[in-house]
Amino acid sequence: MKTLLRTSALVLTLATALAACSKAPLNVPLNNFSIQVDALVDTAGKVVYPKNPAEFRDGVVDVKSITLTGNLTYNATAGSNQLTLTFYASADDPGNHSGNCQDYTSFYLCDPAGEKAISQPKTFTKGEKSPIELGSPNPDVLSTGINQEEIWIGALVQDSLALDSRLEFTDMVAHVVLF
């Protein structure tokens, strides 16, 4: 058993090293996850970031580039049948983006002109699974945030009003370049 574990660790280390040396991405499947919010409303052309960042505190390796691909399913108990989203990311606290972001109790509201999009605008239809890619454009902001162990993920919502909304991310894969 110990030999099998050592061999598996060696193979994983070699695969990581080879992927890094060739600059080929290392593909890492992620667990499915969802985001539940009371309401999704048109953000009037602004990006909404939560006050608290996503944190990565478990020994992250230096990442040169990262993109995420998979599927997103939008569901809501009432409201719009379609939801148009553009995802954004910030490797530093949006509250420090002087003049660009307004500080509210539990979120920041920012002008998108000074922010980095990590997706193209995409319209999702309620109940339908749709492909999504995060980190294109601007994969650098994701890798910087992960390397710094925290990142703020925000969204710009267009022409929508949805109550008791759930965004379900499935079949997600992280495409990582280490060097």
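That block above? That's the structure.
What you see is a predicted model, and the numbers here were worked out from it, not measured in a lab.

1. Regarding the pairing of strand β5 (residues 65–79)
Bridge count between β5 and strand β13 (residues 161–177): 13 bridges; the pairing is antiparallel. Bridging across to β13, I66 finds its partner in V176. Here β5 runs beside strand β11 (residues 129–134); their pairing, made up of 6 bridges, is antiparallel. Of the residues in β11, the one forming a bridge with G70 is I132.

2. A look at helix α2 (residues 139–147)
Within α2 the residues assigned to the buried category are V141, L142, S143, G145 and I146. On its buried face, α2 is in contact with β5, β6 (82–90), β9 (116–117), β11 and β12 (150–158). Directly beyond the C-terminal end of α2, a positive phi value near 75° is found at E149.

3. Re the environment of E168
Within the secondary structure layout, E168 lies in strand β13. Judged by relative accessible area, E168 falls into the partly exposed class, the value being 26%. Separated by 94 residues in the primary sequence, E168 and Y74 place their C-alpha atoms 6.5 Å from one another. In this view, E168 contacts F33, S34, N71, L72, T73 and N75; residues no more than four positions away in its chain are not counted. There is a polar contact of 3.4 Å between the side chain of E168 and the side chain of R166.

4. Thoughts on the nonpolar core
Counting 29 residues, the largest nonpolar core has I66, L72, Y74, L85, F87, I132 and L167 as the members making the most contacts within it. Taken together, the elements giving at least two residues each to this core come down to β5, β6, β11, α2, β12 and β13. Among the elements that take part in this core, β13 stands out by supplying 6 residues, more than any other. Ignoring sequence-local partners within four residues, the contact set of L85 consists of Q120, P121, K122, F124, A155, L156, V157 and L167. In terms of nonpolar packing, the next biggest core, distinct from the first, is built from 9 residues, Y49, Y88, W152 and L156 among them.

5. Focus: the side chain of S165
Along the chain, S165 turns up in strand β13. For S165, a relative accessible area of 0% corresponds to the buried category. For S165, the side chain forms a polar contact with the main-chain oxygen of A162, separated by 3.2 Å. Apart from the residues lying within four places of it in its own chain, the contact partners of S165 are I35, Q36, V37, D38, L40, Y74, N75 and A76.

6. Here's the deal with the environment of L83
Mapping L83 onto the fold places it in strand β6. L83 gets classed as buried once you look at its relative accessible area, which sits at 0%. Along the primary structure L83 and F124 are separated by 41 residues, whereas in three dimensions their C-alpha atoms are 5.1 Å apart.

What counts, and at which threshold
- The numbers attached to residues start from 1 for each chain and follow its sequence in the written order.
- Given that the model is predicted, a residue must reach a pLDDT of at least 70 before its local features are reported, and side-chain atom pairs must reach 80 or more before they are shown or counted; all residues, however, enter totals for whole chains, interfaces and linings.
- With hydrogens and water excluded, all non-hydrogen atoms of the structure serve as input to the side-chain values.
- Strands pair, by our definition, only if DSSP identifies at least two bridges between them.
- Working definition: helices are DSSP H or I runs of at least four residues, strands are E runs of at least two. Numbering for both runs from the N terminus.
- When accessible area is computed with a 1.4 Å probe and restricted to protein chains, residues below 20% of their type maximum are described as buried, those above 50% as exposed, and intermediate ones as partly exposed.
- Residues are treated as being in contact if the distance between any of their heavy atoms lies within 4.5 Å.
- N or O atoms closer than or at 3.5 Å make up a polar contact, with two conditions inside protein: a donor-capable atom paired with an acceptor-capable one, and, for residues adjacent in sequence, both atoms drawn from side chains.
- In this text, buried Ala, Val, Leu, Ile, Met, Phe, Trp, Tyr and Cys residues form a nonpolar core when linked through side-chain atoms within 4.5 Å.

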